[in-house]
Amino acid sequence: MLKRYLYIIGVTAGLVVTGCADGHDSQKHGGAVLDVKQAAARVMKLAADRPEQALQTIDSLRAEGMAVYETDWLRAKVYCQSLEGTRLDSAIAICERLMLLDVARENREYRQDVLETLVNACRRNNDDERILRWTAELVTLFHENGDETEALRSEAEMGVALTHTGHLEEGLAKIDSVIAALDGKRKFNELDASLIALKRKVGILNEAGRHADIIPVAQSMLDRLADYEQYPDSYRDGTYREPADEDRAGYIDFYRNRAYGYLAEAYARHSVKCRVESAEFATATDSARHYLALYEQSGYGRTQAGRHFIVPTLCLLGESAKMDSIFQDLDEARFRAYEQQIEIEREQDASARKNIIIGFCVLLVLLVAGFAAYLLHQRSVLRRTNHVLVSQIAEAAALQHVQAPEAPLSSPEGGTIVPSTSQTNEAPSEAVGGAFSSGGERGASGALVASPSDLFRHMQAVILREQLYLDPAFDRQAAIRRFNISKERVGSAFAQSGDFSSISDFIRDCRLRHGCDLLLSHPQMTVSEVAQQSGFIHASTFSTDFKNKYLLTPTAYREANIHS
């Protein structure tokens, strides 16, 4: 009976602790192994917001019997599309290993899934050599399957990789061949592939500094979208890429306004190369402002991402007020996101503490109940043992009376005999810690920085709010002292921010933006004074950095905006 009590308590306690550890995030799979495509859809939906839980789900799928090569592919997809790009090398290594398996050679559909994941991971990792190698194999597979449009999509990506490896003309030629093959085809899948290829070409031309060549490419995007908007029924093909009727306008608006943005920036950059007094300068500037106005009036142009996209054009056109407004909104949005993330983590910690406390309370109640049951059981055993001993003494006395009747009767000395038992019951000693702390370093405000991206947003907000960059002595070492964190943490935060390679790069960017504003708002100030007021020690450094970023000297920038 005692063993039964302990077994019940152990099983119940295990269930309680497991339930508290899983919380509300536990996933049940219904016993049967799900279809791979359904499982992939569910895992990737989780990966968007909770990648760690997605990985736990993959482990559960493997435990339920899903093939190892399938779960490895799912794991590579999560590494590729989540975790802020920190596991791309692992995703590539997994996929390249899977490509060597027999199932990848024999199952064409599986091989295509792995190849698409592998190419996507290489693209996100900027590994152009691998992109060329594996995309070529993916193109061959698409041709074998008769999927020519997907083959053309992949060839466009090969063109981009070729330009990044130093083969600019060869890459542009490949993208042009893709655009020509898709031109004039009234099918949505072909339209979508064409728009993406045109967008890729704009990016290449922009990197090469061939801004004038961007204008006909962006105009071609507008022409294709106009035809789709006028004849939508002609483009219906039933592919999964085709938007629903209610989403069509949003699709068109997105790409149309990207084209407006391309045109505005191309004309603005072209105007910089023209003589300020020339008619060509006036025409290019007017065109840039025209497309900028169309862009700003659009739905996408009013979004935060859309406004950030147009910043280079605003800078070229001297729209300093709009630039300041955009950067201020971005800073506020990033700070709000940081505060929201901290609040979410605080709520999660509170929920975890609550679950653990409840679990320990239930476990403690079960232990007390079990110990009480054990004491009752021992008391019952002791009572039965005493009863047996009393009966044996009585029988022994009666037997003595029968055997010696002549002896005077006497009762046993000492009266009732009660067996002496010695038991030591020690109550379990438990120390339940109620305090929980998180690892990490503290910023100047005392808030815990839970990740490099959070630390980046916090430091960025403080530097902008307090204009620390205006102090010429403010550098990386000063930031380390100001925020009381290690140089490794600073380097990690800015290396993973995605916008700036280092804190020095960010400080320089802040000073240059401040200098832009002073050049226009204080025409009486010399370039040396502007440099000094913007936090630069030397005017020559200011001029060099300014030209590297904005492609013209501070003086030329001021004159261009005064005469515009």
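One can find the structure itself at the top, above this paragraph.
Here's what I pulled together on the structure shown here. A quick note: this is a predicted structure, and the numbers were derived from the prediction, not measured.

## So, unusual backbone geometry
- Residues other than glycine seldom take positive phi values, yet Asn-126 does so here, at roughly 55 degrees.
- You can see Asn-126 is positioned in the loop between α7 (108-124) and α8 (128-145).
- On the accessibility criterion, Asn-126 (61% relative accessible area) is exposed.
- At Asn-484, a residue that is not glycine, the phi angle is positive and equals roughly 60 degrees.
- Residue position: Asn-484 is located in the loop between α19 (476-483) and α20 (487-495).

## A short note on the pattern of salt bridges
- With the rule as written, the count across this model stands at 29 salt bridges.
- In this structure, Arg-153 and Asp-192 form a salt bridge, with 2.8 Å as the shortest nitrogen-oxygen distance. You can see Arg-153 sitting in helix α9 (residues 148-164) and its partner Asp-192 sitting in helix α11 (residues 188-208), a full 39 residues away along the chain. Here Arg-153 and Asp-192 have matching classes, each one buried.
- With its nearest N and O atoms 3.1 Å apart, the salt bridge here joins Arg-236 to Asp-245.
- Exposure remark for Asp-245: the relative accessible area of 42% places this residue in the partly exposed category.

## Examining helix α12 (residues 214-230)
- The end-to-end C-alpha distance of α12 is 25 Å, a good match for the 24 Å that 17 residues give at a rise of 1.5 Å each.
- Within α12, burial applies to Ile-214, Ile-215, Val-217, Ala-218, Met-221, Leu-222, Arg-224, Leu-225, Asp-227 and Tyr-228.
- Of the surrounding secondary structure, the elements contacted by the buried residues of α12 are α10 (168-182), α11 and α13 (245-273).

Conventions we followed
- Residues numbered from 1 in each chain as written.
- Predicted model: local features only at pLDDT ≥ 70, side-chain atom pairs only at ≥ 80, totals over all residues.
- Heavy atoms only, no water.
- Helix = DSSP H or I, 4+ residues; strand = E, 2+ residues; numbered from the N terminus.
- Buried < 20%, exposed > 50% of the residue type's maximum accessible area, 1.4 Å probe, protein only.
- Salt bridge = Lys/Arg side-chain N within 4 Å of Asp/Glu carboxyl O.
- Expected span 1.5 Å × (residues − 1).
- Contact = heavy atoms within 4.5 Å.

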